[in-house]
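Single-letter residue listing:
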Amino acid sequence: RRQSPAANQAIPALIDALSDNEQQVRFYAALAFTEMGEDASNAVPALTKILANTGQTNSLFYLRAAVARALGKIGPPAINAIPELKKALKETDPNFRGHTAVAIWRIDSDVATALPVLLKEMPWISEHSKWDWIIALGEMGPHAREAVPQLKKELKEDDQKWVREYVTNALMKIDPDAFTN
């Protein structure tokens, strides 16, 4: 699933797998795309189709969250998915909404759309789901100053060393003075 010429040879087969009848096959194909970055840009139409299809075959929010993550990891080449990603922000699942917000950020740097969603949903999500959100807040740098209180709270409340490292790194990128204030 990593970026490599060998992995890139699998992209056409993975795109086909995104239309498989089995939900789990689509899920694992989407997960594979989360690690391929821009190299997987040919998958954007198929990924967007899953995101847009909220019917029973794609109702598993983990599948759609994996699709949002994959689109975000593809980055700016996934710009055509932005309308569907923004529609997806209207859904109620906080995990899905957070991954969707991160994707919007990574595709078109839309802090105004992504940051409020992350701040609203972060308190309700386990560290196993929100670590990438914390990284995205750090990527936003000073534009995410509004997140400093929430990140400081995460730093105090989370006992996982790896989460504290992510939070510390994000705070340093957002506001290096956050530790003295």
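Note that residues are indexed from 1 along each chain, following the sequence as it is written. Local features are withheld for residues below a pLDDT of 70 in this predicted model, meaning they are given only at 70 or higher, and side-chain atom pairs are given and counted only at 80 or more; totals for whole chains, interfaces and linings count all residues. Hydrogens are left out, water is left out, and the side-chain values use all remaining heavy atoms of the structure.

Help me understand the overall build of the chain, please; the structure alone is not making it clear to me.
Counting from the N terminus, the helices are DSSP H or I runs at least four residues long and the strands are E runs at least two residues long. What the chain contains, in helices and strands, is 11 helices and 0 strands. Along the chain, helices and strands appear, N-terminal first, in the series α-α-α-α-α-α-α-α-α-α-α. Dimensions along the principal axes, computed over C-alpha positions, put the chain at roughly 50 × 35 × 30 Å. Per-residue accessibility, obtained with a 1.4 Å probe over protein chains only, is compared with the maximum for each type, and a residue is labelled buried under 20%, exposed over 50%, and partly exposed between these values. Taken over 181 residues, the chain has a buried fraction of 50%. For the chain, the share of sequence-separated contacts (at least 6 apart) that also reach a separation of at least 24 residues comes to 63%. In the structure as shown, the chain presents an accessible area of about 9,100 Å², 51% of it carried by carbon and sulfur atoms. Taken together, the 21 basic and 23 acidic charged side chains of the chain have centroids lying 2 Å from each other. Should any heavy atoms of two residues lie within 4.5 Å, those residues are considered in contact. In short, Shrake-Rupley with a 1.4 Å probe defines the accessible areas, and a residue's cover is counted only from the protein chains shown. Just so you know, the count uses Lys and Arg for positive and Asp and Glu for negative, and it drops His and the chain ends. The atom standing in for a charge is NZ when the residue is Lys, CZ when it is Arg, CG when it is Asp and CD when it is Glu.

Teacher, can you tell me more about the nonpolar core here?
Most often, soluble globular proteins have nonpolar side chains that are buried together. With 63 residues, the main nonpolar core has Phe 33, Leu 47, Leu 71, Leu 85, Leu 137, Met 140 and Leu 151 as its most contacted residues. Among the elements that make up this core, the one with the highest residue count is helix 5 (residues 61-74) (8 residues). Excluding its chain neighbours within four sequence positions, the residues that come into contact with Leu 47 are Leu 18, Ala 30, Phe 33, Val 67, Ala 70, Leu 71 and Ile 74. Throughout, nonpolar core names a set of buried Ala, Val, Leu, Ile, Met, Phe, Trp, Tyr and Cys residues whose side chains join them through atoms within 4.5 Å.

How do you make sense of the pattern of salt bridges when you look at a structure like this?
Note that side chains of opposite charge can pair when their charged atoms are close. A side-chain nitrogen of Lys or Arg and a carboxyl oxygen of Asp or Glu constitute a salt bridge if their distance falls within 4 Å. Inspection of every chain in the model, using the stated rule, returns 11 salt bridges. The salt bridge involving Lys 87 is made with Glu 84; its shortest N-O contact spans 3.3 Å. With Lys 87 and Glu 84 both in helix 6 (residues 82-88), this residue pair falls 3 residues apart, about one helical turn. In this structure, Glu 139 and Arg 106 form a salt bridge, with 3.0 Å as the shortest nitrogen-oxygen distance. Of the two residues, Glu 139 sits in helix 9 (residues 127-140) while Arg 106 sits in helix 7 (residues 94-108), which places them 33 residues apart along the sequence. For Glu 139, a relative accessible area of 37% translates into the label partly exposed. For Arg 106, a relative accessible area of 14% translates into the label buried. Connected via shared salt-bridge partners are Arg 69, Lys 73, Arg 106, Asp 132 and Glu 139.

How should the side chain of Asn 95 be read in this particular structure?
Secondary-structure assignment places Asn 95 in helix 7. At 2.9 Å, the side chain of Asn 95 and the side chain of His 99 are in polar contact. At a separation of 3.4 Å, a polar atom in the side chain of Asn 95 contacts the side chain of Ser 129. For Asn 95, the contacting residues outside a window of four places in its chain are Phe 61, Tyr 62, Ile 125, Ser 129 and Trp 133. As used in this structure description, the phrase polar contact means that two N or O atoms lie within 3.5 Å; if the pair is within protein, one of them must be able to donate a hydrogen and the other to accept it, and residues adjacent in sequence are counted only when both atoms belong to side chains.

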